[in-house]
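Coordinate analysis (summary)
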Amino acid sequence: MATLLVADASGLSTLIDRLKLSVDRVEQLPPIPAELDHVRDIAKLQALKIAGADAIHIDFDVFLRKPLPPQILNADFAGEFFYPTRPFLHRVNDSLKIARHQPPPVQCLAGGIMGGQATQRIHAVIDRSLAVALDPLNRSALVVANGYQASVLIGEAAFAAEFPDATILLPHANQNRQDYIDRGYVHLAGNKDNPTKLHHASEMVREDFPAEYAATFAGFAGLRN
């Protein structure tokens, strides 16, 4: 797989110009209204569309210790696992002047990784979700909405509705440690701010990719100058 980094201008300046990460392709995100920065799936959806055909989005807190399996790469659409829709989804959806779902689906598709081969259908979902998220009529509701919950509405719920037969990476959802080990897959998710978990992730990268790990320190030293 070729690696594409999609980031805003500040992110590209840090990651490419200064940290000098090695990627195959770089693209800049279009501007997002500052008051919607907390709805992270706006950027995530934009990035997946910018990537074009046959793309798999990988969250910034996901670590792949093995290549993604062929059944994921060749799927019409793939994600981590399905999970039941939570009550907050209805509340956020109902708060919008222009609703995203009528009604919300009964399940969502966890999106630490997401994407696939059905490009036209994927882009149609993205276009509809972004239209709802960026509609001025919805701005006041989304400004005060929980960013995670609003993101689930336009991302994980939207793709689950369009692809109820999506291919999943983790057969037992997030309940089986062995699934993660077998697939070489790590997703920090709610542990992003946990120093111990971040240290474990750092050690994992050091063990798996020693040359890249060592090179990163030189880049970070440059950031302090």
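Report follows, based on the coordinates.

Criteria and thresholds
Residues numbered from 1 in each chain as written. Predicted model: local features only at pLDDT ≥ 70, side-chain atom pairs only at ≥ 80, totals over all residues. Heavy atoms only, no water. Helix = DSSP H or I, 4+ residues; strand = E, 2+ residues; numbered from the N terminus. Polar contact = N/O pair within 3.5 Å; in protein donor to acceptor, adjacent residues only side chain to side chain. Contact = heavy atoms within 4.5 Å. Phe/Tyr/Trp six-rings, centres within 6.5 Å; stacked < 30°, edge-to-face > 60°. Buried < 20%, exposed > 50% of the residue type's maximum accessible area, 1.4 Å probe, protein only. Arc of directions from axis to C-beta. Salt bridge = Lys/Arg side-chain N within 4 Å of Asp/Glu carboxyl O. Core = buried A, V, L, I, M, F, W, Y, C linked by side-chain atoms within 4.5 Å.

Some remarks on the side chain of H57
Summarising the element assignment, H57 is placed in strand β3 (residues 55–58). Looking at H57, its side chain comes within polar contact range of the side chain of D59, at 2.8 Å. Not counting residues within four places of it along the chain, the set of residues in contact with H57 comprises K44, L48, G111, G112, I113 and M114.

Considerations on the packing of aromatic side chains
Summed over the entire model, instances satisfying the criterion amount to five aromatic pairs. Members of the aromatic cluster, connected to one another through ring pairs, are F77, F159 and F163.

Thoughts on helix α4 (residues 87–95)
When α4 is considered as a whole, its buried residues turn out to be F88, L89, V92 and N93. The arc that holds the buried residues of α4, viewed along the axis, is 130°, so those residues lie on one side. Turned more than 90 degrees away from the buried face of α4, the exposed residues are P87, R91 and D94. For α4, the elements touching its buried residues are β7 (107–109), α7 (147–154) and α8 (156–162).

Structural notes on the pattern of salt bridges
One pass over the structure, following the stated rule, counts nine salt bridges. Between R139 and E35 there is a salt bridge, with its nearest N and O atoms 2.9 Å apart. Taken as a pair, R139 in helix α6 (residues 139–144) and E35 in the loop between β2 (25–28) and α2 (41–51) lie far apart in primary sequence, 104 residues in all. Judged by relative accessible area, which is 37%, E35 ranks as partly exposed. A salt bridge links D127 to K49, with the shortest nitrogen-to-oxygen separation between them at 2.5 Å.

Some thoughts on the nonpolar core
Side chains that are nonpolar tend, in soluble globular proteins, to be buried together. Counting residues in each nonpolar core, the largest one holds 50 residues, and the members touching the most others are F77 and F159. Top element by residues in this core is helix α5 (residues 119–134). It accounts for six residues. Beyond its immediate sequence surroundings of up to four residues, F77 is in contact with L109, M114, G115, G116, I122, F159, F163, A166 and T167.

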